[in-house]
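Here's the letter readout for the chains.
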Amino acid sequence: MSLTVRQSNIELLRIVSMMTVILVHLDGATLGLPLPSGLSATNGPDIWKLVVESVTIIGVNCFTLISGYFGIRASVGGLLRLTAVCIFYSVGLYSLAAASGIVGWSFGSWIESWMVYTHTDLWYVPAYMLLYLLSPFLNAAMASLTERQMTLWTAMFTIANIWCGWVWDATFNPTGYTPVQLIMMYLIGRWLARRDNSLVRHNVIMPIGIYLLSTGVTFAASLYMPAVKAFAYNAPWVIVSSVALFMFFARLNFRSTIVNMLAKGAFAAYLIHKNPLVWGGIVRPAAIDIWQQNSLILYSAFCLGFTWLIYLLSAVADAVRRWLFRKAELLADYKVKIQTRE
């Protein structure tokens, strides 16, 4: 199966992954998660939080698995485009907020909005930049290994992340919010791509069963250990559930132009909804107010509705951005040709 053609099943996972990222932000990142010592079987809202977190915590891992599965084809131009996308939303959202009076204009803050790899609350952006820079080395190294060697070293890297990072809080990857976590998931994605034929040979029952089981283990773990451990991206059950969900989608077989088109807006959904001005100034306060003033059912409906809305709006915004960038590239190319002729 070629990896050069967009596969709608994996693109659908890209959409689902980003939606779960939004949902996990509306859950634990907004409401906070209960401590095991304070849990009660009759406390429905606390149990609801843990269930939602257990189901949605796989988003970041799956999103990075996709990068590994397709393989990052790094180039200087690609790095510049990645940077330009991040700057477009960071500077654009700050400028819109300042122009509308939501925040006061500050030249210093405006300059900082350009510094997307250093002055940002979005940890994934600089981490992914480092993964992008390392990807040629990772791709070459994995390609040079036999399948057995690839399996061995990927497994050892994963075990090191779990044992040293998750179990013993090693500084290189204690909870998964690091470039090392992205490297690990990228390598697992490359390994899955190498075994692509074996992935699609089997039915979908086994991976979805493993996903449900490991998600149940995640929930059970959250009843007995702090959330920072139970829901760490490098917790073994979170890694297993992420890989299992990926394998489920890998075994689907369909084509959809709409899915492929919507998937292009996934990264924009992250950059927009988690922007500090949007998240800290609008979304999180509104979500807390809705949680406090309404029933659990209404808050759940709000979470699902907001997730769909922000994703669809982000997909539209990114379609506009791509159109603007394409026009700018065509204009720049035209000017270069004119200068060359002269």
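This write-up is about the structure you can find in this document. Here the structure is a predicted model, which is why all the values come from computation and not from measurement.

**Points about the overall build of the protein chain**
- Looking only at helices and strands, the protein chain features 17 helices and zero strands.
- The C-alpha radius of gyration computed for the protein chain amounts to 21 Å, which stays within 12% of the reference 20 Å derived for 342 residues, consistent with globular compactness.
- Principal-axis analysis of the C-alpha atoms places the extent of the protein chain at approximately 75 × 55 × 40 Å.
- When each of the 342 residues of the protein chain is scored for burial, the buried share is 47%.

**Some thoughts on the packing of aromatic side chains**
- One pass over the structure, following the stated rule, counts 24 aromatic pairs.
- Taking 5.1 Å as the distance between ring centres and 90° as the angle between the ring planes, the aromatic pair formed by Phe88 and Tyr89 counts as edge-to-face.
- On the numbers, 5.2 Å between centres and 85° between planes, the contact of Trp166 with Trp237 is edge-to-face. Taken together, the residues span a long stretch of sequence, with Trp166 in helix H8 (residues 147-167) and Trp237 in helix H13 (residues 236-250) at a distance of 71 residues.
- Since its relative accessible area comes to 17%, Trp237 is described here as buried.
- Members of the aromatic cluster, joined through ring pairs, are Phe63, Trp123, Tyr124, Tyr128, Tyr177, Tyr233, Phe267 and Tyr270.
- Here Lys229 stacks its cationic end above the ring of Trp166, 5.4 Å away from the centre of that ring.
- One residue, Arg321, lies across the ring of Phe325, its end atom 4.9 Å from the ring centre.

**What to know about the environment of Thr146**
- Mapped onto the secondary structure, Thr146 falls in the loop between helix H7 (124-144) and H8.
- When the C-alpha positions of Thr146 and Ala227 are compared, they lie 38 Å apart, and in sequence the two are 81 residues distant.

**Digging into the packing of helix H5 (residues 76-99) against helix H15 (residues 266-273)**
- Interaxial distance between H5 and H15 falls to 10 Å at its minimum, and their mutual angle equals 35°. For the crossing formed where H5 meets H15, the hand is right-handed. Note on element contacts: H15 touches H5 through Phe267, Ala268, Leu271 and Ile272, opposite Leu82, Val85, Cys86, Tyr89 and Leu93.
- Split by residue class, the contact of H5 with H15 holds nine nonpolar, no polar and no charged.

**Things to note about H15**
- With eight of eight residues buried, H15 is to be regarded as a mostly interior element.
- Inspection of H15 places Ala266, Phe267, Ala268, Ala269, Tyr270, Leu271, Ile272 and His273 among the buried residues, and these make up the whole buried set.

**Section: a nonpolar patch on the surface**
- Together, Phe88, Val316, Val320, Trp323 and Leu324 make up a nonpolar patch on the protein surface, roughly 450 Å² of accessible area in all.
- Top contributing element to the nonpolar patch by residue count: helix H17 (residues 296-341), with four residues.
- One can find Val320 in helix H17.
- You can call Val320 partly exposed: its relative accessible area is 43%.

**What to know about the pattern of salt bridges**
- The tally for this structure, following the rule as stated, stands at six salt bridges.
- A salt bridge links Arg322 to Asp318; its shortest N-O distance comes to 2.9 Å. Of this pair, Arg322 and Asp318 are both found in helix H17, four residues apart, which corresponds to roughly one turn of the helix.
- Within the structure, one salt-bridge network assembled from shared partners comprises Asp318, Arg321 and Arg322.

**Digging into helix H11 (residues 205-222)**
- Helix length check: H11, at 18 residues, gives a terminal C-alpha distance of 26 Å against a target of 26 Å (1.5 Å per residue), a fit within 8%.
- What H11 keeps buried is the set Pro207, Tyr211, Ser214, Thr215, Thr218, Ala221 and Ser222. When H11 is viewed along its axis, its buried side chains cluster within an angular range of 120° and face the same direction. Away from its buried face by more than 90 degrees, H11 exposes Ile205, Leu212 and Leu213.
- Turning to H11, the residues buried within the fold contact helix H3 (44-56), helix H12 (227-230) and H13.

**What about unusual backbone geometry?**
- Of note in the backbone geometry, Asp169 takes a positive phi value of approximately 60° without being a glycine.
- Tracing the backbone shows Asp169 in the loop between H8 and helix H9 (179-194).

**Observations regarding the packing of helix H4 (residues 59-70) against H13**
- Their axes nearest at 9 Å, the elements H4 and H13 cross at an angle of 55°. By the angle between their axes, H4 is oblique relative to H13. As for the relative orientation of H4 and H13, their crossing is right-handed in sense. The residues of H13 that touch H4, namely those facing Asn61, Cys62, Leu65, Ile66 and Tyr69, are Val238, Ile239, Ser242, Val243, Leu245 and Phe246.
- Looking at the contact of H4 with H13 residue by residue, the class counts come to nine nonpolar, two polar and no charged.

**Some words on the side chain of Thr178**
- Looking at the secondary structure, you find Thr178 in the loop between H8 and H9.
- The exposure class of Thr178 is buried, given its relative accessible area of 13%.

**Considerations on the side chain of Ser222**
- Note that Ser222 resides in helix H11.
- A distance of 2.5 Å separates a polar side-chain atom of Ser222 from the backbone oxygen of Phe219.
- In this structure Ser222 touches Pro36, Leu39, Leu50, Ala230 and Phe231, once residues within four positions along its chain are discounted.

Criteria and cut-off values
- Residues numbered from 1 in each chain as written.
- Predicted model: local features only at pLDDT ≥ 70, side-chain atom pairs only at ≥ 80, totals over all residues.
- Heavy atoms only, no water.
- Helix = DSSP H or I, 4+ residues; strand = E, 2+ residues; numbered from the N terminus.
- Rg over C-alpha atoms; globule rule 2.2 N^0.38 Å.
- Buried < 20%, exposed > 50% of the residue type's maximum accessible area, 1.4 Å probe, protein only.
- Phe/Tyr/Trp six-rings, centres within 6.5 Å; stacked < 30°, edge-to-face > 60°.
- Lys NZ or Arg CZ within 6 Å of the ring centre and 35° of its normal.
- Axes fitted to C-alpha atoms, helices over the stretch in contact; angles between N-to-C directions.
- Left-handed = near helix turned anticlockwise from the far one by under 90°.
- Contact = heavy atoms within 4.5 Å.
- Nonpolar A, V, L, I, M, F, W, Y, C, P; charged D, E, K, R; others polar.
- Patch = residues over 30% accessible without salt bridge, like charges linked within 9 Å, V, L, I, M, F, W, Y side chains within 5 Å.
- Areas by Shrake-Rupley, 256 points an atom, 1.4 Å probe, with all protein chains shown as cover.
- Salt bridge = Lys/Arg side-chain N within 4 Å of Asp/Glu carboxyl O.
- Expected span 1.5 Å × (residues − 1).
- Arc of directions from axis to C-beta.
- Parallel < 35°, antiparallel > 145°, perpendicular 65-115°, else oblique.
- Polar contact = N/O pair within 3.5 Å; in protein donor to acceptor, adjacent residues only side chain to side chain.

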